[in-house]
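If you want the building blocks of each chain, they are given just below.
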Amino acid sequence: MDMKVTKDDGEIAHVVLDGRFDIQGAQEVDSRFDELAKSSKAMVVDMAKVSFLASLGIRTLMLSAKTLIRSGGEMAVCGANESVEKVLRTTGFNEVAGMYPDYESAARTLQERLAAFSSKKA
């Protein structure tokens, strides 16, 4: 599993995954996901190049999403193909994190929510 990460102005981590998010793939990226979830305000996981999603991949996503939520952050998934999206919806992951067709719409929504959240705190 290949994982590339970029951060736009420090708020949103853009994670691009490429490969099979199976047992081996999850083991390869699990610790990086954990670190990102603890150090980011929001995360968009681009799954356009993910060909397969297994239960350990879902676990990695779910734990990271919950870590973000506990700290007032949020996760979104974008670009998932039909079979990966079906797995995410079947497991209820879409109840924890938003699902979007592309990075731009996911990032825009998270930026709006972060702005609304920070204005409520002020």
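Everything below is about the structure shown above.
Residues numbered from 1 in each chain as written. Predicted model: local features only at pLDDT ≥ 70, side-chain atom pairs only at ≥ 80, totals over all residues. Heavy atoms only, no water.

> Where do I start with the environment of Leu 53 in this structure?
Within the element layout of this structure, Leu 53 appears in strand β3 (residues 42–53). Excluding anything up to four places from it in sequence, Leu 53 contacts Phe 21, Met 47, Ile 58, Val 84, Val 87 and Leu 88. (Helix = DSSP H or I, 4+ residues; strand = E, 2+ residues; numbered from the N terminus. Contact = heavy atoms within 4.5 Å.)

> Explanation requested: helix α2 (residues 55–70) in the structure shown.
Given 3.6 residues per helical turn, the α-helix brings residues three or four places apart onto the same face. With 16 residues, α2 should reach 22 Å at 1.5 Å per residue; the first-to-last C-alpha distance of 22 Å fits that figure. Among all positions of α2, only Gly 57, Ile 58, Thr 60, Leu 61, Met 62, Ser 64, Ala 65, Thr 67 and Leu 68 are buried. Against the buried residues of α2 lie β2 (12–21), α1 (23–39), β3, β4 (74–78) and α3 (82–90). Positioned one or two residues after α2, Gly 72 has a phi angle of 85°, which is positive. (Expected span 1.5 Å × (residues − 1). Buried < 20%, exposed > 50% of the residue type's maximum accessible area, 1.4 Å probe, protein only.)

> When you look at the sheet that holds strand β1 (residues 2–8) in this model, what are you seeing that I'm missing?
In any sheet, the strands associate via hydrogen bonds between backbone groups, in a parallel or an antiparallel arrangement. Pairing in this open sheet of 5 strands is mixed, and the strands run β1-β2-β3-β4-β5 from one edge to the other. Two strands close off the open sheet at either side, each with one partner strand: β1 and β5 (98–100). Averaged over all pairs of adjacent strands, the angle between strand axes in this sheet comes to 20°, irrespective of strand direction. With 3 bridges connecting them, β4 and β5 associate as parallel partners. The residue bridging Cys 78 from the neighbouring strand is Tyr 100, located in β5. Along the sheet, α2 makes contact with β2, β3 and β4, crossing β3 at roughly 175°. The sheet strands contacting α3 are β3, β4 and β5, and the helix crosses β3 at an angle near 120°. (Pairing = 2+ DSSP bridges. Axes fitted to C-alpha atoms, helices over the stretch in contact; angles between N-to-C directions.)

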